[in-house]
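Chain by chain, the residues:
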Amino acid sequence: MSRNRGPNTSEKCPFYVLPDNPLSAEASVNQCVQCATCGNARLKGMRDDFRQLAYLTIMEEEPNYEPDHPSGASFITFIKSRVCYRLWSERLRLREESLE
């Protein structure tokens, strides 16, 4: 993972999603998928899979958002971190799988 991309820099990435409307994150999801698959020809061929994983993550994690959480994270920050972590975890899993 490059120091300029991935979960360690996700706070610098723009992300937009409306509650109860996962499709509102289309541009953000596309950007996240491009980031997570960049530099790996095999993963570039799996961008649709990564896109589906991002939307699935949004739908699964949305009910877990707590606006009164002590961290004070906004809905967008909460979802963005979950999507980024999940995509990069999948990238790592696939990389390890290919090394076996």
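Novice: Report on the overall build of the chain, specifying residues and quantitative values.
Specialist: Along the chain, the regular secondary structure elements total four helices and zero strands. When its helices and strands are written in sequence order, the chain yields α-α-α-α. The C-alpha radius of gyration computed for the chain amounts to 14 Å, which stays within 12% of the reference 13 Å derived for 100 residues, consistent with globular compactness. Of all 100 residues assigned to the chain, the portion counted as buried reaches 35%. For the chain, the exposed area adds up to about 6,500 Å²; of that, 51% sits on carbon and sulfur atoms. Between the averaged position of the 13 positive side-chain charges in the chain and that of its 14 negative side-chain charges there is a distance of 11 Å.

Novice: Give a detailed account of the pattern of salt bridges, specifying residues and quantitative values.
Specialist: Under the criterion given, the structure shown has five salt bridges. Between Glu60 and Arg86 there is a salt bridge; the shortest N-O distance is 2.9 Å. Pair noted here: Glu60 is in helix H3 (residues 47-61) and Arg86 is in helix H4 (residues 75-99), with a separation of 26 residues, a long-range link. In this structure, Arg93 engages Glu97 in a salt bridge whose closest nitrogen and oxygen atoms are separated by 2.8 Å. Placement of the pair is Arg93 and Glu97 together in helix H4, with a separation of four residues, close to one helical turn. We classify Arg93 as partly exposed; its relative accessible area is 39%.

Novice: Can you tell me about the nonpolar core, naming the residues and giving the values?
Specialist: Judged by nonpolar contacts, the single largest core of 23 residues is most densely connected at Phe15, Phe50, Ile58, Ile79, Val83 and Leu87. Counting only elements with at least two residues in this core, the list comes to helix H1 (26-37), H3 and H4. With eight residues, H4 is the largest single contributor of residues to this core.

Novice: Outline H4, supporting the account with residue identities and numerical values.
Specialist: The end-to-end C-alpha distance of H4, which contains 25 residues, comes to 37 Å, matching closely the 36 Å that a straight helix rising 1.5 Å per residue would cover. Next to the buried residues of H4 lie H1, helix H2 (41-44) and H3.

Novice: How would you summarise the packing of H1 against H3 if you had to cite specific residues and measurements?
Specialist: At their nearest, the axes of H1 and H3 sit 9 Å apart, and the two run at 125° to each other. Here H1 is positioned oblique relative to H3, judged by the angle of their axes. Crossing of H1 against H3: the hand is right-handed. Between H1 and H3, the residues in contact are Glu26, Val29, Asn30, Val33, Gln34, Ala36 and Thr37 and Arg47, Phe50, Arg51, Ala54, Tyr55 and Ile58, respectively. Its residues assigned to classes, the contact of H1 with H3 comprises seven nonpolar, three polar and three charged.

Novice: Before we move on, can you summarise H3 with the specific residues and values?
Specialist: Between the first and last C-alpha of H3 there are 21 Å, a value that for 15 residues agrees with the 21 Å anticipated at 1.5 Å per step. Turning to H3, its buried residues number three or more, namely Phe50, Leu53, Ala54, Tyr55, Thr57 and Ile58. Where the residues of H3 are buried, they touch H1, H2 and H4.

Parameters at a glance
- Along every chain, residues carry numbers that run from 1 in the direction the sequence is written.
- Only residues with pLDDT of 70 or above have their local features reported here, since the model is predicted, and side-chain atom pairs are shown and tallied only from 80 upward, although totals for entire chains, interfaces and linings are computed over all residues.
- Working from all heavy atoms in the structure, the side-chain values ignore hydrogens and water.
- Put simply, DSSP H or I for four residues or longer makes a helix, DSSP E for two residues or longer makes a strand, and each gets a number counted from the N terminus.
- Atoms counted for the radius of gyration: C-alpha only. Globule rule: 2.2 Å times residue count to the power 0.38.
- Remark: exposure states derive from per-residue accessible area (1.4 Å probe, protein chains only) relative to the maximum for the residue type, with buried under 20%, exposed over 50%, and partly exposed in between.
- Here the open area of atoms and residues is found with the Shrake-Rupley method and a 1.4 Å probe, where only the protein chains shown may cover a residue.
- Here Asp and Glu are counted as negative and Lys and Arg as positive; His is not counted, and neither are the chain ends.
- Throughout, a charge is located at the NZ atom of Lys, the CZ atom of Arg, the CG atom of Asp or the CD atom of Glu.
- The salt bridge definition used is simple: a Lys or Arg side-chain nitrogen within 4 Å of an Asp or Glu carboxyl oxygen.
- Throughout this description, the term nonpolar core refers to a set of buried Ala, Val, Leu, Ile, Met, Phe, Trp, Tyr and Cys residues connected via side-chain atoms within 4.5 Å.
- To estimate the expected span of a helix, subtract one from its residue number and multiply by 1.5 Å.
- Two residues form a contact once any of their heavy atoms are found within 4.5 Å.
- The axes used here are C-alpha line fits, helices contributing only the stretch in contact, and every angle between their N-to-C directions lies in the interval 0 to 180 degrees.
- Angular relationships are summarised with four words: roughly parallel below 35 degrees, roughly antiparallel beyond 145, roughly perpendicular across 65 to 115, and oblique for the angles in between.
- Handedness of each helix crossing follows the sense of rotation of the near helix against the far helix: counterclockwise by less than a right angle gives left-handed, clockwise gives right-handed.
- Residue classes follow a fixed rule: Ala, Val, Leu, Ile, Met, Phe, Trp, Tyr, Cys and Pro count as nonpolar, while Asp, Glu, Lys and Arg count as charged, and any other residue, Gly among them, counts as polar.

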